[in-house]
Amino acid sequence: MNIEFFGQNALVEAEDNVFSFEVAESPRDLHESKVRNGESLDWSNTVINHHIDGWGIHPYGNNDNIPKVIKDVIQNNPKVPGIMRKKEGMLWGEGPKLYTEKFQDNILVRSWQDDPEAQAWLDSWDCEKYIQKCVTDVSHIQGAFTKYYRNKGGRFGSAKVAKLEHVSSEKARLAYRLDSGRPDPTHVMINDFTISHIDHLTNFKVYDLFDFMDPFKHPNSIYYSNMYSFCTDYYTVPDIYGSLEWIRRSTAVPLILKALSKNSINAKYHITSPQSFWDKVERDLQTQCTDKNKDYEPKMLSDYKTKFLRKISKVLSGEIQSGKYWHTVKTLNVDGSNIIEEGWEIKAIDQNIKEFVDTQIKIGETADQNASASVGVHTSIGGTGVSGRSDSGSEQLYALLNYLKTGVNIAEMIVMKPINYALKANFPDKKLKLGFYRTPIERQQDKSERDREKNQI
């Protein structure tokens, strides 16, 4: 017998039988994380690690791991990373350039500037590398952390912002002093929050939040630039959060097809098990380890799952087993106004493999389109349109123009806000800002034959 795992899914091959196995996660279930406080988006009243030297830390999500979850789900998908890169490229345009603003005939226009002094300061700490990291963070989770460094001369009255530095969202959390009596963030704690052990929490560092009204107040400070989420304090709920399950489905389809192709055998059954079943198994294993004074390891659950699948295979395989049956009990769980049925399902797969493959492809296409919508990029730009159909040039053009008109301004403001605060502090009389320069988009038929793209290559 051979069992080949693909994440939480598997393909089980016995002597005369093959079946596919899938763990059905509830929508918004965060991958490999067990929600302590239910599937809630209300993180504001949750403060973890009270005992860490008198600091209260606001968790980013119920399990304090939303950046990691977003990273794992997106990077395992074959299409979403490419959509993200296109989104970042459309925001970046020709790159960051200095400008001033003014009104001409009641229209606000940008006057692009070549300022040697300000540009020399930007180049001294490689501002483009810093901005590129912030663009990536904002594209994924609509927020970014920035660390400010004050120059050493600030102690003697000639204060300047020396440089800015990007801080990974996996390592930064908003915090406050427990003895202050108020949960409003006043500091940012830097730590490796991807590790679950308590010991690592002794290595944390705490910085004051950057005060744009008094930018030279602290030698080092951190600013959290983000988009406000409706009725959510402190952190942003990423736009892609609601489509995580669709992205997982999109990721699973090529793995299923790969497994079927590799084994060259038609699967006879498709088995679906509820995530709640394995949650209970894991809790039982953890309890057993506690009783025996042993450390629980994730491999224990994996070994249990393998043995369990072998047991199922014995029930389903061979003609001699035809009198046996598999019995499970389904439960009904109430989630708000929805009633969710949970239980095991074993479905015989029609041996018409073409129909099965076509169904999987349709599932993948639907998942890709929903993922593209959550990212905010039109399918004709993201490359997730209907398979076999090439989007027309005009459709792509209008999708691009619409995105540049409505999808980049707020993102640019979030990315550039920290650096524009620094420009205002260092060069108060110049009224300089930094923004992304983009060349105007023109239709090919509006250009002369010589200037069209095909003749520029």
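Residues numbered from 1 in each chain as written. Predicted model: local features only at pLDDT ≥ 70, side-chain atom pairs only at ≥ 80, totals over all residues. Heavy atoms only, no water.

Caption draft 1: Geometry of the packing of helix H2 (residues 80–92) against helix H4 (residues 127–141). For the pair H2 and H4, the least separation of the axes is 10 Å and the interaxial angle reads 125°. Classified by the interaxial angle, the pair formed by H2 and H4 is oblique. Handedness of the crossing formed by H2 with H4: right-handed. Residues Met84, Arg85, Lys87, Glu88, Leu91 and Trp92 of H2 lie in contact with H4, whose contacting residues are Glu128, Ile131, Gln132, Val135, Thr136, Ser139 and His140. (Axes fitted to C-alpha atoms, helices over the stretch in contact; angles between N-to-C directions. Helix = DSSP H or I, 4+ residues; strand = E, 2+ residues; numbered from the N terminus. Parallel < 35°, antiparallel > 145°, perpendicular 65-115°, else oblique. Left-handed = near helix turned anticlockwise from the far one by under 90°. Contact = heavy atoms within 4.5 Å.)

Caption draft 2: Layout of the sheet that holds strand S18 (residues 433–436). Ordered by their spatial adjacency, 3 strands build an open sheet running S7-S6-S18, and the pairing between neighbours is antiparallel. A strand with exactly one partner marks an edge of an open sheet, and here the two such strands are strand S7 (107–112) and S18. Between one strand axis and the next, the sheet turns through 55° on average, direction left out of account. When strand S6 (residues 96–104) meets S7, the two strands line up antiparallel, connected through 6 bridges. Counted as the bridge partner of Lys102 is Val109 from S7. Where helix H11 (residues 409–426) meets the sheet, it contacts S6, S7 and S18, and its direction lies at approximately 155° from that of S18. (Pairing = 2+ DSSP bridges.)

Caption draft 3: Expanded view of the pattern of salt bridges. Under the criterion given, the structure shown has 15 salt bridges. Here Lys79 and Asp368 are joined by a salt bridge, their closest N and O atoms 3.0 Å apart. Note that Lys79 is positioned in the loop between helix H1 (66–75) and H2 and Asp368 in helix H8 (residues 353–375), a separation of 289 residues in sequence. The partly exposed category is assigned to Lys79, whose relative accessible area is 38%. According to the relative accessible area criterion, Asp368 is buried, its value standing at 8%. Through salt bridges with shared partners, one network takes in Arg110, Glu412 and Arg438. (Salt bridge = Lys/Arg side-chain N within 4 Å of Asp/Glu carboxyl O. Buried < 20%, exposed > 50% of the residue type's maximum accessible area, 1.4 Å probe, protein only.)

Caption draft 4: Up close: the packing of H4 against H11. At their nearest, the axes of H4 and H11 sit 10 Å apart, and the two run at 140° to each other. Classified by the interaxial angle, the pair formed by H4 and H11 is oblique. Judged by the sense of rotation from one axis to the other, the crossing of H4 with H11 is right-handed. Residue-level contacts link Cys127, Tyr130, Ile131, Cys134, Val135 and Val138 of H4 to Ala411, Ile414, Val415, Met416, Pro418 and Ile419 of H11. Broken down by class, the residue content of the contact of H4 with H11 amounts to 12 nonpolar, no polar and no charged. (Nonpolar A, V, L, I, M, F, W, Y, C, P; charged D, E, K, R; others polar.)

Caption draft 5: The nonpolar core, seen in detail. Grouped together as the largest cluster of nonpolar side chains are 60 residues, with contacts concentrated most on Trp121, Ile131, Phe145, Leu164, Ile240, Val415 and Ile419. Apart from the residues lying within four places of it in its own chain, the contact partners of Leu164 are Trp121, Trp125, Tyr130, Thr146, Lys147, Tyr148, Pro418, Ile419 and Ala422. Counting 14 residues, the second-largest nonpolar core is a separate cluster that includes Ile3, Ala10, Val23 and Val281. (Core = buried A, V, L, I, M, F, W, Y, C linked by side-chain atoms within 4.5 Å.)

Caption draft 6: Representation of unusual backbone geometry. Located in the positive-phi region is Asn106, a residue other than glycine, with phi close to 65°. One non-glycine residue, Cys231, adopts positive backbone phi at about 55°. Structurally, the position occupied by Cys231 is in the loop between strand S13 (220–226) and helix H5 (244–263).

Caption draft 7: Representation of helix H6 (residues 275–291) within the structure. End to end, H6 covers 25 Å across 17 residues, agreeing with the expected 24 Å (1.5 Å per residue, within 8%). The set of residues buried in H6 consists of Gln275, Trp278, Asp279, Val281, Glu282, Leu285 and Cys289. One face of H6 carries all of its buried residues, which in axial projection span an arc of 160°. Exposed and facing more than 90 degrees away from the buried side of H6 are Thr290 and Asp291. (Expected span 1.5 Å × (residues − 1). Arc of directions from axis to C-beta.)

Caption draft 8: Structural detail: the confidence of the model for the protein chain. When pLDDT is averaged across the protein chain, the result is 78; 72% of the residues are at 70 or more. Residue range residues 26–39 is modelled with pLDDT below 50. Its contacts to residues more than four positions away, or to other chains, number 35 contacts. Confidence over residues 320–325 falls short of pLDDT 50; this stretch has 4 contacts with residues more than four positions distant or in other chains. (pLDDT = per-residue confidence, 0-100.)

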